[in-house]
Amino acid sequence: MAIAQISSLENVRSGRRLAALLRGHDDVGSAVQATRATLERRPELVGRLVIWDVAVRDLFEANLGEAVVLNFLRLSEHWPAQHSVHDLLAIGRAVADIGRGAGSRVAHATLTELSKVLPRLAGAGEVTTVLAALCQLADAGPESVGLAVSRLEQLLGHAGAEGFSAWVSAGLRASGGRAARRRAYFGLEDALSARVLALGRTGDDFARLEKRLAATMVALWNRKPRFRKLAIPPTPVPRRTSLAAGLVGLPETFAGFEGERAESIYLAAVAHAGAHLVHSTVRFPVGRLKALQIALVSLIEDARVETLALREMPGLRRLWLPFHTAAPSGQATAAGLMTRLARALIDPDYQDPDAWVAKGRALFAAASDRWVDPAISREIGGLLGNDIGQMRLQFNAKSYVVEPSYRDDNLALWDFGDQPDAPSETIDLAVDSVRIERREDANGHSTDDTAKPDETLRARASAVALPDGLPVATYPEWDYAAGIERMDWTTVLEADAAPSGRALDLPTDGDAMRRITRLTRDASIGRRLRHKAQREGDALDIDATIAHMIARRAGQAGEPRVYQRDAPGPRDLAILLLLDLSQSTADRDRAGRTVLDVERKAAAIMAAAVETANDAIAVHGFNSDGRERVRYLRIKGFDEPMDAVVRARFAGISSSHSTRLGTALRHAGSYLGERRAFRKVLLVLSDGEPSDIDAPDPQYLTEDARRAVQQLRRRGIDIFAFGIGSGRFARLDRIFGERRAFRVPRIEVLPQRVMQLYTELKK
Amino acid sequence: MSNPGLLLDQYRIRDEPYYRPLRDEVELFSAAYASRMPVMLKGPTGCGKTRFIEYMAWRLGRPLITVACHEDMTAADLVGRWLLDAQGTVWSDGPLTTAVRLGAICYLDEIVEARQDTTVVIHPLTDDRRVLPLEKRGELIHAHSDFQLVISYNPGYQSAIKDLKESTKQRFAALDFGYPEHAVEIEVVSREAGIAPEIADLLVKIAAHSRNLKGQGLDEGASTRMLVNAGRMIGYGISLDKACETTIVVPLTDDADTRNTLRDVISACA
Ligand SMILES: Nc1ncnc2c1ncn2[C@@H]1O[C@H](COP(=O)(O)OP(=O)(O)OP(=O)(O)O)[C@@H](O)[C@H]1O
Ligand SMILES: [Mg+2]
C-alpha cells in the first residue's frame, strides 16, 4: 500500500516535470497529457509512467520536431498489450538516438515502420535486437539508416530479427567505412547484401531443423549420412539437394518456403534423399547420353525409388504430393512435360491428356514387377528421350532444374567416368557440380574433416607456456611391441595450475544447477548404515528383541521396535577429473568454442555439484613434451573448496604440447589410491588420442594407456572417458573399453553428459 | 508354510500362456532345465522374456516364483527374515528360499537393479553345490531337485555402471532375446491386442523404424509391449495417431525433436 502511494506520488511529480518542459509547446503538451491520461488507465503501465515520461522528454529534447513526438504518442496509445512495455520505452530511447545521428525524417520513418513490424517481433528480445542494429547503423552509417528502415518490413519478413542484425553488421564490416558502398549494400543493390540476407534466414531454418532431419533420416531409412548446408550460388538456377558419398547437402534456402513450409520441404527432401540412398544401388554410366536423356533417366529413377519407398511407407505420399503442382494446362515444353510426368508417376489421381505423359505412365506401370531393378529407369528414360527428340521440343540443359524442388539434383546417380569426347552439355553438368563443391570448400561451408596438423609439429612449435613444476614421480611404460614394461621410463613434473588474474565465473544457469544438486542429493551409494531398533527391517535386532521380550513379560506393552535395517549410507564417491590440456584442445568448433573451454566448464559445473553433494572431487590436467616431461597440473585438490583461488586456476589453464595419457592415468591413479571411498572414479576428458613427440608409433601410447587403465581397474578404480569433438576416437574403445568410453561430438553438451554419468554413478 | 503343496499351488500356472517361439529358445531352455542349469534371459524391455518364462514353467509343469528386483532390495528380501509374534520369534522364508525348498522355478526379474551385495546370495545355488545357506537361521538348504534359477538382464546404457559381477555372469547359460522378426511380431501383436493383422503390420513397421533411433535420441525403440498397448487402444476405437502418441511417442522420450521424428515415422508409415 505504502509503496503504491509513493509510486503514484512519483508519478504525479514526474508528470508535472514533463508538463513544465512542454510549456510553450501547447499542441504537443496537450497531446502528451491526453496520451498520458490514456496510459494511466492501462494496468501494465502503472508504475512505468515515470520511465515513459523520460522517454518522451528524451525525444522532445532531441529536437526532432513535433511530428516525431506525436508519432511516438500514437505508438504508445496503440501499444499492443501482449508486448512488453519495456520495448516501447526502448523504442523511444532508440528513436531519439537514431534521430540525433540520422535526422528527424529518418526518426519519424523509423517509428512508422517499427509500428508496422511489431507483430513480427513477438519473440523475446527481438525488438531489442532490431533496435540495437538500427542504432549501430545510425552510429556508423547514418546516411544508410533510411534505406534500411524503408524496407524494414520486407527485411524482417525475410531474415527475422537475428538475421537482420547479422545483415547490418556484415554490411558495416564489408563497406570498410565507405559511405558509397554502404549505400549500395543497404539499398540492396550489392549482391553480397542479398546473399547475407539469405544466409541469415536459412541458416536459421537449417540449424533449427538439422537435428530433426538427421534423426528422421535414421528412423525412416536407417542411414546416417552427414548433413551439410549448401550455399546458394549467385545464379538464377535454384539450388537443389545434392548427394555425394556419405553426405547430404541441403540448400540453405528453398526459395518460397518459409516457416512451417520450410519444415515440410526439408522433410520431403530428406525422405527423397533416403529413398535414393537405399534404392539407387547402381550408378548409370553417362556414356554418350545427352543431357535430356540424363534428365529423363533421372526422372524415372526418382519415381522408381519413391514408388518403392511408398510401398513400405505409404504416408510419404502425403509429404511429397503437395509439391507436385504441375497441371495439364502447362506449356508443352520439354521441361513442362517432364514436371507433369513426374507428377503422373506418383500421383494416381492425376489426369493428363498428353500422349507422351500417358506413354511414360504406361511404360512405368508395365514394369511394375521389375521396380526393384534400376535398369528400368535407364530403359524407360531412354525411350521417352527419343520421343521428345521426335517431337522437336527444345530442351535447355543450362536452365534445366529438377522438379519438384524437394528432389535432388540427381548427379549422384551418374558415373561420369573419363569421357574426353562426351557431349559438352553433360560435361558442363558434371563440371558445374565439381565447381560448386570447390567453392563451398573455399567458403568454409564444408564440414569435411580437415586433416589435423601434425600433433608433433605443433607440440614443438608452441612456446613453453607452463611453469614446469617439480619432478615428483617416475612411472613404467608398456612397450607392446617388445612385450616389456620399461621401468621408470617417464617423469611427471607436477605443479599447482597457475591462477589467472580473474576467477572463473561459475555457470549461472540456476535451474540446471538446482536440478543437478537435487539429483545428487537424492542419489544414494556408498557404505550402508545399520539402523537399530526399527519398526520394520531385514533382521531382528537381538538387543532390542531381548529388551522387548523382557518388557512384555513384565506386562509393559511397548511398541515392538525390534528390527534392524541396512540403509544406504552417506554418499561416498571420490572422483578425479583428468583434463587433457594438449595443444589440440585449443581447436575451435564451428561456433568458435574450444574443447578446452567446454572441458573447463564441464569440470567446474561438476566440481560445484559434487561439492554440494558432499563427495570428494579433484580436478587435474596434463600434457606432455616427451617422456621426461609429463606435466601434471593440480587445478583443484580433493580437499580444496571451489573458492576464488581454485576458480582462478580454472580460468588460468591453457592448451599446449602433447598427450602422454598412460603416465597421466597412473599418476591420477596414485591420487585416487590414497583416498578412502566406497567408489573411486577416474574421469578423463580428452579430444584425441595419446601422442607424444618421442612416440612415432601411434599404437605404442595407446597400448600403454590401455595397460594403465587395466591396472587401475584391478585396483578398484572405475575409469570412464569422454571423447570430445567430431573425431572418431577409434582408439578410445581400445583404451577404456567400449562401454566406458563415451563420445561427445557436439562439444557444447559435454557438461550435461558428464553430469548424466555422475548421476548414474550415484544410483 | 504349514502345507507346502498348497503354498506351491498358488504359484502354479494353470492355463497355457500364449507364447510365440522366436527361434529354438523353447528347446534350449528345456535342455538347460533338464540339467537344472541356471539361465539368464537377455534382451531389451518388453520383448517377451517374462511371457517366455511363464510359458516354460507351464510347459515343464513347475510353479514359478517371480521376484522383481530393485535397488533397495536386500538379501533378506530374497532369503527370509526373523519376525516376532506373540510366542516369540518366527522365521519367515523369502521367495527364493520357498522356491529352493519346494522345487519351483525362481525368476529374478531385472537382476542388475539389485545391489551386488544382494546378488551374491545366489552364488552357492548356481554352482554344483546347489545349496542356500540361511546364515541368520543357521540352516543350510539343499535345493529341491526341481528347483531352477532364472534371471533376466537388460543390457542397456546404465549397464556400464550397473553390471553383473563377472563371477555372477559366468554361472549362467544365456538366451538372447530380441524383438521378434517382422512377421512374427505382427502375429504376436494382432493376437495379444486382438486387432487385424493389417493394423498390427503398421504398428510393427513403426516400431522397426523407431528402433533405428536407438542411440540416436532414444535409449531403446518401441517394444513389442508398447505395440500391444497401442493395438489395444486402437481396438477400443482410438485413432492410430492418438494411440501411437499415447503409448509410443510420449512414453519414449521427452525431447521435442525426437518426438517430432517419431511423429514423422508414424505419418510416413500410415
Ligand atoms: N514371443 C511372444 N509371444 C507372445 N507374446 C509376446 C511375445 N513377445 C512379446 N509378447 C508380448 O509383449 C508383452 C511384453 O512382454 P514381457 O512382459 O514378457 O516383456 P519382458 O521382456 O519381460 O520385459 P521387461 O524386461 O520390461 O520385463 C507381453 O505381455 C506380450 O503381450
Ligand atoms: Mg532424386
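Heads up: the structure comes first, above all this text.
Now for a quick tour of the structure. (Residues numbered from 1 in each chain as written. Chains lettered and ligands numbered in written order. Predicted model: local features only at pLDDT ≥ 70, side-chain atom pairs only at ≥ 80, totals over all residues. Heavy atoms only, no water.)

1. Observations regarding the sheet that holds strand E2 (residues 64-68) of chain B
All names here are of chain B.
For step 1, the next point in the chain: The 5 strands are arranged E2-E5-E8-E1-E9 in an open sheet whose pairing can be described as parallel. In this open sheet, the two strands that pair with only one neighbour each are E2 and strand E9 (173-176). Pairs of neighbouring strands in the sheet enclose a mean axial angle of 20°, with direction left out of account.
For step 2, the next point in the chain: Pairing between strand E1 (residues 39-42) and strand E8 (residues 148-153): 4 bridges, direction parallel. What sits directly across from Met 40, in E8, is Ile 151.
For step 3, the next point in the chain: Running at roughly 135° to E8, helix H2 (residues 25-34) makes contact with E1, strand E5 (105-109), E8 and E9 of the sheet. (Pairing = 2+ DSSP bridges. Helix = DSSP H or I, 4+ residues; strand = E, 2+ residues; numbered from the N terminus. Axes fitted to C-alpha atoms, helices over the stretch in contact; angles between N-to-C directions. Contact = heavy atoms within 4.5 Å.)

2. Remarks on the coordination of the magnesium ion (ligand 2)
Residue and element names in this part refer to chain A.
For step 1, the next point in the chain: Each protein donor to the magnesium ion (ligand 2) is listed here as His 272 (NE2), His 276 (NE2), Asp 302 (OD), Asp 408 (OD) and Asn 410 (OD1); together their distances run 1.9 to 2.4 Å.
For step 2, the next point in the chain: Linear spacing of the donor residues for the magnesium ion (ligand 2) on their chain is H-x3-H-x25-D-x105-D-x1-N. Here Asp 302 lies in helix H13 (residues 291-312) and His 272 lies in helix H12 (residues 260-279), a separation of 30 residues in the sequence. Residue His 272 shares its accessibility class with Asp 302, and that shared class is buried. (Donors = N, O, S within 2.8 Å, 3.2 Å for Na, K, Ca; no water. Buried < 20%, exposed > 50% of the residue type's maximum accessible area, 1.4 Å probe, protein only.)

3. Things to note about the site of ligand 1
Residues and elements named next belong to chain B.
For step 1, the next point in the chain: Inspection of the region around ligand 1 gives 17 residues, with Thr 45, Gly 46, Lys 49, Thr 50 and Glu 192 positioned closest.
For step 2, the next point in the chain: Cys 47 places a main-chain nitrogen or oxygen 3.2 Å from an oxygen atom of ligand 1.
For step 3, the next point in the chain: Lys 49 places a polar side-chain atom, nitrogen or oxygen, 2.8 Å from an oxygen atom of ligand 1.
For step 4, the next point in the chain: A total of 630 Å² of accessible area belongs to ligand 1 in isolation, and the protein chains cover 89% of it.
For step 5, the next point in the chain: Of all the secondary-structure elements, those providing two or more residues to the shell around ligand 1 are helix H3 (49-60), helix H8 (182-193) and helix H10 (224-235).
For step 6, the next point in the chain: Split by residue class, the shell around ligand 1 holds 6 nonpolar, 5 polar and 6 charged.
For step 7, the next point in the chain: Taken together, domain 1 (4-176) and domain 2 (182-269) each give at least three residues to the shell around ligand 1, which thus spans both. (Near = heavy atom within 4 Å. Polar contact = N/O pair within 3.5 Å; in protein donor to acceptor, adjacent residues only side chain to side chain. Areas by Shrake-Rupley, 256 points an atom, 1.4 Å probe, with all protein chains shown as cover. Nonpolar A, V, L, I, M, F, W, Y, C, P; charged D, E, K, R; others polar. Domains from an automatic or database assignment.)

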